[in-house]
Amino acid sequence: MCNTLKNLQGRSLLTWLDYSASEIRALLELARNVKHEKHQQKQRFAGISIALLFEKRSTRTRCAFETAVGEEGGHPVFLSNDDIQLGAKETIEDTARVLGRMFSAIEFRGFKQSTAEALAAYSGVPVYNGLTDLYHPTQALADVMTLEEEFGDMCGKKLCFVGDGRNNVARSLIVMAAKLGINITVVCPPELQPGAEFLAQCAELFAASGAVCEISHDTTAVCGADAIYTDVWASMGEEAQKTERVRLLAPYQVNRRLFEQADNKSCVFLHCLPAVRGEEVTKDIIDGPQSRVWDEAENRKHTIKAIILATLGLI
Ligand code: CP
Ligand code: NVA
């Protein structure tokens, strides 16, 4: 594992598309170790400052970065749109150059994937995508960690994403499934299915890992699911489309009936959170015995810490 992790020094995490399966597996192993030793006092981030750029709100991602870094002696600096000039009175490239002179790494949450890419290209330090409109890669690592805690190796298991199949969370899960050989079924209305170009890009990865990616508009496709995952119907920035989303996605609510269609007593429920009970998921499911959402939320911290440790060469 150590050599694989050492190769990650200096790397950004923007999508997972440029990470190999063995690199992702090494990060998962490191995250498990980090979780195991979470009560030990370590100071691995002493002398390290990390900029946390947020154009959109966050509870889990911000808190995971702040606590992971701060508890080990590092200095996380939260910078919202109200604080800095990112793309407003200063170009993204210039902000990136300046932050790169002052920080060891940068986290970015915002709208455009191109902003995360520009920060990575011009800062000279690792950049972590904390969510854009296209991807949510740190979330997907925590999701797989949570699934592996439940099932061991997920290779050959069936993960179903039910809901807005073209959103950032769905896309990152598809990439992760393709890389790690997890069978994924996206159950969504035709209007909200992953784009053809993106699926074509992933098809090569699925062929290499031997897993299958199925897109279905019929909820009976969840039959045999080991895990059912959903996300909000309108992502941040899409609030104006809420009425239309409710109309399109109401038949895809994750509820008791959907779990009966899965027909697997071991099937677990995941959600990146925040959740809207009564919309994408019913209360009995998210608060019930099959839900693993709180483990999943905690694992955001361990996986993010693993990513920072490896990419800053601190292991
Ligand atoms: N899942 C997730 O990214 O949560 P936050 O929006 O609270 O960071
Ligand atoms: N798809 C959601 C994820 C939130 C963590 C959004 O972008 O708002």
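First, a word on scope: everything that follows refers to the structure included in this document. (Residues numbered from 1 in each chain as written. Chains lettered and ligands numbered in written order. Predicted model: local features only at pLDDT ≥ 70, side-chain atom pairs only at ≥ 80, totals over all residues. Heavy atoms only, no water.)

## Description of the nonpolar core
Here comes step 1: Ranked by size, the top nonpolar core spans 61 residues in total, and within it W16, L27 and I308 carry the most contacts.
Here comes step 2: With nine residues, the top contributor of residues to this core is helix α7 (residues 168-180).
Here comes step 3: Residues contacting L27, with those up to four places away along its chain left out, are L5, L8, W16, Y19, L141, A306, I307 and A310.
Here comes step 4: Counting 23 residues, the second-largest nonpolar core is a separate cluster that includes C160, L248, C267 and L273. (Core = buried A, V, L, I, M, F, W, Y, C linked by side-chain atoms within 4.5 Å. Buried < 20%, exposed > 50% of the residue type's maximum accessible area, 1.4 Å probe, protein only. Helix = DSSP H or I, 4+ residues; strand = E, 2+ residues; numbered from the N terminus. Contact = heavy atoms within 4.5 Å.)

## Description of the pattern of salt bridges
Here comes step 1: All chains considered together, the criterion is met by 22 salt bridges.
Here comes step 2: Here R97 ties to D94 by a salt bridge, and the two come within 2.8 Å at their closest N and O atoms. With a gap of three residues between them, R97 and D94 both fall in helix α4 (residues 92-102), about one helical turn apart.
Here comes step 3: Residue R247 pairs with E244 through a salt bridge whose shortest N-O separation is 3.0 Å. You can see R247 and its partner E244 sitting in helix α9 (residues 242-249), three residues apart, about one turn around the helix.
Here comes step 4: Classification of E244 as partly exposed rests on a relative accessible area of 37%.
Here comes step 5: Each member of the salt-bridge network shares a partner with another, and the members are E37, K42, R44, E72 and K305. (Salt bridge = Lys/Arg side-chain N within 4 Å of Asp/Glu carboxyl O.)

## Things to note about the pairing of strand β8 (residues 227-230)
Here comes step 1: Here β8 shows two buried faces, one formed by A227 and Y229 and the other by I228 and T230.
Here comes step 2: In this structure, strand β5 (residues 158-162) lies alongside β8, joined through three bridges in parallel fashion. From the neighbouring strand, L159 faces β8, where its bridge partner is A227.
Here comes step 3: Examined bridge by bridge, β8 and strand β9 (residues 268-271) share four bridges and lie parallel to one another. Each bridged residue has a counterpart across the sheet, and for A227 the counterpart in β9 is V268. (Pairing = 2+ DSSP bridges.)

## So, the environment of L312
Here comes step 1: Tracing the backbone shows L312 in the segment after α12 (293-311).
Here comes step 2: Note on L312: relative accessible area 14%, which makes it buried.
Here comes step 3: Between the C-alpha atom of L312 and that of F45, which follows or precedes it by 267 residues, the distance is 9.4 Å.
Here comes step 4: Setting aside chain neighbours within four positions, we find L312 in contact with Q9, I48, I50, S104, A105, P126 and Y128.

## Details of α7
Here comes step 1: Taking 1.5 Å per residue as the helical rise, α7 with its 13 residues ought to reach 18 Å, and the 18 Å between its terminal C-alpha atoms agrees with that figure.
Here comes step 2: For α7, the tally of buried residues reaches 13 of 13 residues, placing the bulk of the element in the interior.
Here comes step 3: Backbone nitrogen of V169 and a side-chain oxygen of the N-cap are separated by 3.0 Å at the start of α7; the cap is N167.
Here comes step 4: The first or second residue beyond α7 is G181, which carries a positive phi of 80°. (Expected span 1.5 Å × (residues − 1). Polar contact = N/O pair within 3.5 Å; in protein donor to acceptor, adjacent residues only side chain to side chain.)

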